[in-house]
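Geometric and topological summary
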Amino acid sequence: MNLGVDIGLRDAERHKDRYDFVLENSNWGAVRAVLFRFNTIFPIQCAGGFFPEKDIRGRTIQNYGIGRKTPDAMTLASFAAGGNSYISFCWLEDSDVSCSAYVSALLEQPQSELPAILGAIILQVSENCHFAPDWYDNLSAQGKEWVCLQAYAGLPPIMPLPKVASPIAYKDLPYLSPFSVESIVKLP
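Read on for an overview of the structure. As the structure is a prediction and not an experimental result, all values here were calculated from the model.

Another aspect to go through is the overall build of the protein. Helix and strand content of the protein: five helices and six strands. Scanning the protein from its N terminus toward the C terminus, one meets helices and strands in the order α-β-β-β-β-α-α-β-α-α-β. Computed over C-alpha atoms, the radius of gyration of the protein comes to 17 Å, within 12% of the 16 Å expected from 2.2 N^0.38 for 188 residues, which places it in the range of a compact globule. With the C-alpha coordinates of the protein rotated into their principal frame, the extents come out at 45 × 40 × 25 Å. In the protein, which comprises 188 residues, the proportion classed as buried is 38%. A separation of at least 24 residues holds for 75% of the contacts in the protein among residues at least 6 apart in sequence.

A full pass over the atoms with the stated rule returns 10 salt bridges. Between R59 and D55 there is a salt bridge; the shortest N-O distance is 2.9 Å. Each of R32, E93 and D96 takes part in salt bridges that share partners, so that together they form one network.

Attention shifts here to the nonpolar core. The biggest cluster of nonpolar side chains holds 37 residues, and the ones touching the most others in it are F36, I87, F89, L106, L118 and I121. With seven residues, the single largest contributor to this core is helix α3 (residues 114–125). Once residues lying within four places of it in the same chain are set aside, the contact partners of I121 are I56, L76, F89, Y102, L106 and P167.

To continue, consider the sheet that holds strand β2 (residues 44–50). The antiparallel open sheet is built from six strands, whose spatial order is β5-β2-β3-β4-β1-β6. This sheet does not close on itself; its edge strands, each paired only once, are β5 (129–131) and β6 (181–187). With direction set aside, neighbouring strand axes in the sheet form an average angle of 15°. Sheet topology note: the strand β3 (residues 74–81)/strand β4 (residues 84–92) ladder contains seven bridges and is antiparallel. Looking at the pairing, A80 lines up with S85 of β4. In this fold helix α1 (residues 3–24) packs onto β1 (31–38), β3 and β4, with an angle of close to 105° to the strand it touches most, β4. Packed onto the sheet, helix α2 (residues 96–107) meets β1, β2, β3, β4 and β6 and runs at close to 150° relative to β4.

Following the criterion strictly, the structure yields 10 aromatic pairs and no others. Pairing F38 with F42 gives two aromatic rings, centres 4.5 Å apart and planes at 40°, and the pair type is tilted. By the burial criterion, F38 is buried, and F42 matches it. Aromatic side chains F79 and Y86 sit 5.5 Å apart centroid to centroid with 20° between the ring planes, which places their arrangement in the stacked category.

Scoring rules and cut-offs
- Residues numbered from 1 in each chain as written.
- Predicted model: local features only at pLDDT ≥ 70, side-chain atom pairs only at ≥ 80, totals over all residues.
- Heavy atoms only, no water.
- Helix = DSSP H or I, 4+ residues; strand = E, 2+ residues; numbered from the N terminus.
- Rg over C-alpha atoms; globule rule 2.2 N^0.38 Å.
- Buried < 20%, exposed > 50% of the residue type's maximum accessible area, 1.4 Å probe, protein only.
- Contact = heavy atoms within 4.5 Å.
- Salt bridge = Lys/Arg side-chain N within 4 Å of Asp/Glu carboxyl O.
- Core = buried A, V, L, I, M, F, W, Y, C linked by side-chain atoms within 4.5 Å.
- Pairing = 2+ DSSP bridges.
- Axes fitted to C-alpha atoms, helices over the stretch in contact; angles between N-to-C directions.
- Phe/Tyr/Trp six-rings, centres within 6.5 Å; stacked < 30°, edge-to-face > 60°.

This is the structure:
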């Protein structure tokens, strides 16, 4: 078999076992999360998980390597409810080292820059993105190119792909400027 696939499956099973334990035992103290609430419906919705190797500035916070250690994992969800959108980053306490560093770098940013940074993160780490048709259809050709470029970040380097910058590089882009973060809640 493929060593990389085997290790990936092993790591997924280890994380699933940890989440199952938390759920089955109502061990909510082991759960960490940050929830961003938007002023309206954010145009990109997603759900996924990732192993944060670098923070939003591109600084290494975790080395995967090939070995016995299961990398720290974080889930990401963007969803709408009650006329607002929410973006949630969630992880378990045993993934605190990398995940807390990732979220801390994000929380250091001015709130006004978060929509563009969060949009870049979603597109870069989630394969399951859904766009509001009105938003996407009204993007300029350059805006649509930016969306595609962010999606390239998650592709394996089996062919030459454009270099994608760290999410913070996109903080001033206008594509998500009509949206703003109303509040941020960190648990615990």
